[in-house]
Amino acid sequence: MTIRVVVADDQELVRSGFAMILDVQEDIEVVAEVGDGAAAVAAVRELRPDVALLDIRMPVLDGIEACRTISAGTSCRTVMLTTFDSDEYVYEALHAGASGFLLKDVRRDDLVHAVRVVAAGESLLAPSVARRLIEEYTAATARPAAGALPAQRLEVLTARERETLLHLGRGLSNAEIAAALVVSEHTVKSHVGNVLAKLGLRDRIQAVICAYETGLIAAGAGAGSGVSPSGE
């Protein structure tokens, strides 16, 4: 099955470079290259790709608003692109529905891997971005009070599912969670699926955010190695 991709970046050399890397893969087809967020939304609606790579800072419509529109109205999954791992819009982009976040200096193989991972329904963060997201952007003192989630939201979880969310919030892989809970990875996958379904979360990235916003993990308490690039 071919993964269909839209690449959106206002820098022609950047989007052409990404498109060239992806288009030579046997299982990936770049169906459109566009230079702004509005054009990205239009391309996604018309061409129905599996993945959209969106620069965060674009003219006409920025990447975050484009991501929000795409996530709300289509099944296309989005990966946000930026030049700096300290980009102040990381948190907003993920809340808008992004399934991943990559730096523009990403290695060729990692870019291809990211598209495949996100197309498969998993989530991805560059490791350097994960810790900043967890320790800064989900800190109660750094977010408006209205952005916090009530701890009561977690009452729908069983004790084991709550433990699973705790470990997800710390950035553990399925294998690491299985070792911590002394269960099989298959059981962990089941727990993760239940957590996402019960809390109405799109993917593991949103589970990380939820763990902090509900106070399950105190911001700054440490987050392991971040969200696994494979989503496992």
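Residues numbered from 1 in each chain as written. Predicted model: local features only at pLDDT ≥ 70, side-chain atom pairs only at ≥ 80, totals over all residues. Heavy atoms only, no water.

### Points about the overall build of the chain
Then, in step 1: A count of helical and extended segments in the chain gives 10 helices and 6 strands.
Then, in step 2: The proportion of buried residues among the 232 residues of the chain is 49%.
Then, in step 3: At a minimum sequence separation of 6, the contacts of the chain that also span at least 24 residues come to 69%. (Helix = DSSP H or I, 4+ residues; strand = E, 2+ residues; numbered from the N terminus. Buried < 20%, exposed > 50% of the residue type's maximum accessible area, 1.4 Å probe, protein only. Contact = heavy atoms within 4.5 Å.)

### Focus on the pairing of strand S1 (residues 3–8)
Then, in step 1: With 5 of its 6 residues buried, S1 lies for the most part within the structure.
Then, in step 2: Sheet topology note: the S1/strand S2 (residues 28–34) ladder contains 6 bridges and is parallel. Bridging across to S2, Arg4 finds its partner in Glu29.
Then, in step 3: In terms of handedness, the path from S1 via helix H1 (residues 12–23) over to S2 forms a crossover that is right-handed.
Then, in step 4: Note that S1 and strand S3 (residues 51–55) share 4 bridges and pair parallel. (Pairing = 2+ DSSP bridges. Right-handed = clockwise from strand over helix to strand, strands pointing away.)

### Considering the packing of H1 against helix H5 (residues 108–119)
When two helices pack together, their arrangement is captured by the angle between the axes and the distance separating the axes.
Then, in step 1: At a closest axis distance of 10 Å, the pairing of H1 and H5 adopts a crossing angle of 70°. The orientation of H1 with respect to H5, classified from their angle, is roughly perpendicular. For the pair H1 and H5, the contacting residues are Phe18, Ile21 and Leu22 in the first and Arg108, Leu111, Val112 and Val115 in the second.
Then, in step 2: Of the residues in the contact of H1 with H5, the class split is 6 nonpolar, no polar and 1 charged. (Axes fitted to C-alpha atoms, helices over the stretch in contact; angles between N-to-C directions. Parallel < 35°, antiparallel > 145°, perpendicular 65-115°, else oblique. Nonpolar A, V, L, I, M, F, W, Y, C, P; charged D, E, K, R; others polar.)

### Some details on the nonpolar core
Then, in step 1: Residues Leu54 and Met80 are the most contacted members of the largest nonpolar core, which totals 27 residues.
Then, in step 2: For this core, the elements supplying multiple residues, two or more each, are S1, S2, helix H2 (37–47), S3, helix H3 (63–73), helix H4 (90–95) and helix H10 (204–213).
Then, in step 3: Aside from chain neighbours lying at most four places away, what touches Met80 is Leu54, Ile56, Gly63, Ile64, Cys67, Ala93, Ala98, Gly100, Phe101 and Leu102.
Then, in step 4: Grouped together as the second largest cluster of nonpolar side chains are 21 residues, Leu53, Leu81, Val112 and Leu124 included. (Core = buried A, V, L, I, M, F, W, Y, C linked by side-chain atoms within 4.5 Å.)

### As for the confidence of the model for the chain
Then, in step 1: Mean pLDDT over the chain stands at 82; residues scoring 70 or higher make up 81%.
Then, in step 2: Helix H6 (residues 127–137) is the least confidently modelled element of the chain, averaging 57 in pLDDT, while S1 averages 98, the highest of any element.
Then, in step 3: A low-confidence stretch, residues 140–147 (pLDDT under 50), is modelled with 6 contacts involving residues beyond four sequence positions or located in other chains.
Then, in step 4: Scored below 50 in pLDDT, residues 220–231 shows 37 contacts in the model against residues more than four places distant or in partner chains. (pLDDT = per-residue confidence, 0-100.)

### Quick word on the packing of helix H8 (residues 174–181) against helix H9 (residues 185–199)
Then, in step 1: Where H8 contacts H9, the two axes come as close as 9 Å, and the packing angle between them is 105°. As summarised for this structure, H8 and H9 are arranged roughly perpendicular, according to the angle between their axes. Of the residues in H9, those touching H8 at Asn174, Ala175, Ile177 and Ala178 are Glu185, Val188, Lys189 and Val192.
Then, in step 2: Of the residues that constitute the contact of H8 with H9, the class distribution is 5 nonpolar, 1 polar and 2 charged.

### Structural notes on the environment of Tyr91
Then, in step 1: Relative to the helices and strands, Tyr91 resides in helix H4.
Then, in step 2: It is 8.9 Å that separates the C-alpha atoms of Tyr91 and Ile209, two residues lying 118 residues apart in sequence.

### A word on the side chain of Thr78
Then, in step 1: Summarising the element assignment, Thr78 is placed in strand S4 (residues 77–82).
Then, in step 2: On the basis of relative accessibility, which here comes to 0%, the residue Thr78 falls in the buried class.
Then, in step 3: Ignoring sequence-local partners within four residues, the contact set of Thr78 consists of Ala52, Leu54, Cys67, Ile70, Ser71, Gly97, Ala98, Ser99 and Gly100.

### Observations concerning unusual backbone geometry
Then, in step 1: At Arg48, a residue that is not glycine, the phi angle is positive and equals roughly 50°.
Then, in step 2: Here Arg48 shows up in the loop between H2 and S3.
Then, in step 3: In this structure Arg48 comes out as exposed when scored by relative accessible area, which is 67%.
Then, in step 4: The phi angle at Val60 is positive, at roughly 70°, despite the residue not being glycine.
Then, in step 5: Relative to the helices and strands, Val60 is located in the loop between S3 and H3.

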